[in-house]
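Below, each chain spelled out in residue letters.
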Amino acid sequence: MSGQGPLRVPLGSIAAGVIALPPEAASYVVRVHRLREGDRFVVFDPELGVEADATLESIGRRSAEARIDAPRPAALRSGRRVTWIQAVGKGDKMDAVVRDATELGATRIIPAISARSVARPGEDRSQRWRRIAVEAARQCGRGDAPRVDAPMSLAAALAAVGAAEGRALGMCLDPYAETPLGARLAALSPGVEAAFAVGPEGGFTPEELGVCAALGFERARLGALTLRTETVCAAALGALIAVSDARGG
């Protein structure tokens, strides 16, 4: 959802006072959105989940200064820890998953390399996905952005969540599972982390499904249809939001 409120600008290390905006932020405010001196906007720190009102104080040829008001906790942040483990697929499908996961409240995104993953992304791709997450947070009005891990093996990604130790409710989304996702979400207590694992095109192998089960991720199906790997995120996290809203948390 793209909000109609004040312009929001990601900015690290927010503190009250007059500051020189970083070049990228200055260009975004002045050249892209054409704000003028005296115009108001909001800055937010996606790492710390804080925000502040700001006023554009002065504009130079290649610079801009803003007066930052006192920082405050961001008004819109994820209300639950949600980890999305996505086996990397072809092309730019992971870009779409990162955008959807951010807009729908994920607090951590782990790109996983599985047996059927064609792509083998490097560290530079996780930096790109982090930028996509911050931009998605800005667009939807969220005051924080999810942590985006560097790509790792599926086993390492699953183990990082700690579902087997009871630190999260782990769900491995599989169209052939007997248990519906709704039943798993109904068992999710308020405040407990939700963790999802999704395979690439072709899904997880039988051996990988066994690894998921051993590491605390129970198989669950999302309806009767087989969804594209990049579509599952929006459907599953939308279901989580609906269930959480209905229960008040």
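Up top is the structure.
Being a predicted model, the structure only gives us computed values, none of them experimental. (Residues numbered from 1 in each chain as written. Predicted model: local features only at pLDDT ≥ 70, side-chain atom pairs only at ≥ 80, totals over all residues. Heavy atoms only, no water.)

Re the overall build of the protein chain
Here is the rule: Each helix is a run of DSSP H or I of at least 4 residues and each strand a run of E of at least 2, with the numbering of both proceeding from the N terminus. Throughout, the radius of gyration refers to the C-alpha atoms, and the reference size of a globule is 2.2 Å times the residue count to the power 0.38. Using a 1.4 Å probe on the protein chains alone, a residue whose accessible area is under 20% of its type maximum counts as buried, one over 50% counts as exposed, and one in between counts as partly exposed. Accessible surface area values rest on a Shrake-Rupley calculation with a 1.4 Å probe, where residue burial reflects the displayed protein chains alone. Only four residue types enter the tally: Lys and Arg on the positive side, Asp and Glu on the negative side; His and the chain ends are excluded. Where a charge sits is defined by one atom per residue type, namely NZ (Lys), CZ (Arg), CG (Asp) or CD (Glu).
When helices and strands are counted, the protein chain shows 7 helices and 13 strands. Against the 2.2 N^0.38 benchmark of 18 Å for 249 residues, the protein chain shows a C-alpha radius of gyration of 20 Å, consistent with a compact globule. Each of the three principal axes of the protein chain carries a C-alpha extent, and together these read 60 × 40 × 30 Å. A total of 249 residues make up the protein chain; the buried ones form 45% of that total. Counting only carbon and sulfur atoms, one obtains 53% of the accessible surface of the protein chain, whose full area is about 11900 Å². Within the protein chain, the 29 negative side-chain charges are centred at a point lying 2 Å from the centre of the 31 positive side-chain charges.

Remarks on empty space enclosed by the protein
How we decide: The pocket and cavity definitions rest on a 1 Å grid over protein atoms only: a 1.4 Å probe that fits but cannot leave marks a cavity, an open set with protein on both sides within 12 Å along at least five of seven lines marks a pocket, and residues lining either have an atom within 4 Å of a point. Grid points are joined across faces, edges and corners, and a volume is the space filled by probe spheres set on the points.
A complete count under the given rule lists 1 cavity of 30 Å³ or more for this structure. Reported here for the largest cavity is a volume of approximately 30 Å³. Around the largest cavity, the lining residues are Gln 86, Ala 87, Val 88, Gly 89, Lys 93, Met 94, Val 97 and Thr 229. If you list the elements that add at least two residues to the lining of the largest cavity, you get β7 (82-87) and α2 (93-103).

Notes on the nonpolar core
Short version of the rule: To qualify as a nonpolar core, a set must consist of buried Ala, Val, Leu, Ile, Met, Phe, Trp, Tyr and Cys residues joined through side-chain atoms within 4.5 Å. Residue contacts follow a heavy-atom distance rule, with two residues in contact if any of their heavy atoms lie within 4.5 Å.
Of all hydrophobic cores here, the largest spans 27 residues; its most connected members are Trp 84, Leu 173, Leu 181, Phe 196, Leu 237 and Leu 240. Elements with a minimum of two residues in this core: β7, α2, α3 (123-140), β11 (168-173), α5 (181-186), β12 (193-198) and α7 (232-247). No other element matches the 5 residues that α7 contributes to this core. Each residue touching Leu 237, except ones within four places of it in the same chain, is listed here: Val 82, Trp 84, Ala 101, Leu 104, Ala 106 and Phe 196. Ranked by size, the runner-up nonpolar core spans 19 residues in total, among them Val 9, Ile 14, Val 30 and Val 43.

Quick word on the environment of Glu 51
Where we set the bar: Polar contact criterion, stated in full: a pair of N or O atoms within 3.5 Å, where within protein one must be able to donate a hydrogen and the other to accept it, and residues adjacent in sequence count only if both atoms are side-chain atoms.
Here Glu 51 lies in strand β4 (residues 50-59). C-alpha separation for the pair Glu 51 and Pro 73, spaced 22 residues apart in sequence, amounts to 6.2 Å. Once residues lying within four places of it in the same chain are set aside, the contact partners of Glu 51 are Arg 8, Ile 14, Val 42, Val 43, Phe 44, Ala 70, Pro 71, Arg 72, Pro 73, Ala 74 and Ala 75. Within the structure, the side chain of Glu 51 is placed 3.2 Å from the side chain of Arg 8, a separation counted as a polar contact.

As for α2
What counts, and what does not: Here the arc refers to the set of directions running from the helix axis out to each C-beta atom.
The set of residues buried in α2 consists of Met 94, Asp 95, Val 97, Val 98, Ala 101 and Thr 102. The buried residues of α2 occupy one face: seen down the axis, they fall within an arc of 165 degrees. Immediately beyond the C-terminal end of α2, within one or two residues, lies Gly 105, with a positive phi of roughly 95 degrees.

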